[in-house]
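# Geometric and topological summary
Single-letter residue listing:
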Amino acid sequence: MRRFSTAERWVHRTTAWLVLLCVASAACLYVPQLAELVGRRHLVVTVHEWSGLLIPVPLLAGLVSRALRADLSRLNRFGPHDRQWLVSVLRRDRTPGARPAGKFNAGQKLYAAWIAGAVLVMTGTGLLMWFTGLAPLVWRTGATFVHDWLALAIGVVVAGHMAKALADPEARRGMRTGSVERPWARSEHPLWREPGE
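Notes on the structure follow. (Residues numbered from 1 in each chain as written. Predicted model: local features only at pLDDT ≥ 70, side-chain atom pairs only at ≥ 80, totals over all residues. Heavy atoms only, no water.)

## Observations regarding the environment of Thr46
Using the following cut-off: Here a helix means four or more residues in a row that DSSP labels H or I, a strand means two or more in a row labelled E, and each is numbered from the N terminus. Note on classification: 1.4 Å probe, protein chains only; a residue is buried when its accessible area is under 20% of the maximum for its type, exposed when over 50%, partly exposed between these limits.
Summarising the element assignment, Thr46 is placed in helix H3 (residues 41-54). A residue is classified by how much of its surface remains accessible, and Thr46, at 28% relative accessible area, is partly exposed. For the pair Thr46 and Ala24, spaced 22 residues apart in the sequence, the C-alpha separation amounts to 13 Å.

Structure representation (structure tokens):
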């Protein structure tokens, strides 16, 4: 069953590499042991700034894809089944039918919304830190505080995203090849229908 188009997979993969590069370079800037191990601070700063600035680019380029725009629309819509999914997760209810989901479950929708907002905040605070003449010192100090703590939160959330992906080989296969098995789709996303069904 077709789950993701080539453009969607390209956007996801490119964004993932840019986020990992940004997180790794941030770690090298803030963890003294890594900073000593890597050295070349100016290069690490440059890699961090440009990888962070480029994170939105794959998504913006991918907007030419009709499939990506359709999935963004799906990610942006919460229905009663999403509330039911969240309640069943909070109650740890794994009974069949307890977690109804369309193409994306409520957790995926929340993750997408949170990470999109976090990228916008990180880009804004990063620009204030990079171009020191844009704002007064008190704004830059606040931007640094928000940037650092949100970076830590992003690291934790992205690690959780990767852990969920590692726990679900069929979901990974869908992102890698674009297709998933019908039994998995019926089990994990029972409300999802292929176009034309």
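## Focus on a nonpolar patch on the surface
Rules: Within the patch definition used here, like charges are joined within 9 Å and nonpolar side chains (Val, Leu, Ile, Met, Phe, Trp, Tyr) within 5 Å, considering only residues with over 30% relative accessible area and no salt bridge. All accessibility values rest on the Shrake-Rupley procedure with a 1.4 Å probe; residue burial counts only the protein chains present in the view. Any Lys or Arg side-chain nitrogen found within 4 Å of a carboxyl oxygen on Asp or Glu counts as a salt bridge.
On the surface, a cluster of nonpolar side chains totalling about 610 Å² of accessible area is made up of Val121, Phe145, Val146, Trp149, Leu152 and Val156. Sorting elements by how many residues they give to the nonpolar patch places helix H8 (residues 137-167) first, with 5 residues. Secondary-structure assignment places Trp149 in helix H8. The class for Trp149 is exposed, based on a relative accessible area of 54%.

## Some remarks on the side chain of Ser88
Selection rule: Pairs of residues are marked as contacts when any of their non-hydrogen atoms sit within 4.5 Å.
Tracing the sequence through the fold places Ser88 in helix H6 (residues 80-90). When sequence neighbours within four positions are dropped, the list of residues in contact with Ser88 reads Asp93, Ala98 and Arg99.

## Structural notes on unusual backbone geometry
Its identity as a non-glycine residue notwithstanding, Arg40 has a phi of 45°, on the positive side. For Arg40, the position within the fold is in the loop between helix H2 (32-38) and H3. A relative accessible area of 64% places Arg40 in the exposed class. Unlike most non-glycine residues, Arg92 shows phi in positive territory, near 60°. Along the polypeptide, Arg92 turns up in the loop between H6 and helix H7 (106-130).

## Notes on the pattern of salt bridges
Enumeration according to the criterion identifies 5 salt bridges in this entry. Note that Asp82 and Lys109 form a salt bridge whose closest N and O atoms lie 2.8 Å from each other. Placement of the pair is Asp82 in helix H6 and Lys109 in helix H7, with a sequence separation of 27 residues. The partner of Arg173 in a salt bridge is Glu170, and the shortest N-O contact between them spans 2.9 Å. Remark: Glu170 and Arg173 occur in helix H9 (residues 169-177); sequence separation between them is 3 residues, near one turn of the helix. Take Arg173: its relative accessible area is 26%, and that puts it in the partly exposed class. We classify Glu170 as buried; its relative accessible area is 16%. Each of Asp71, Arg74 and Lys103 takes part in salt bridges that share partners, so that together they form one network.

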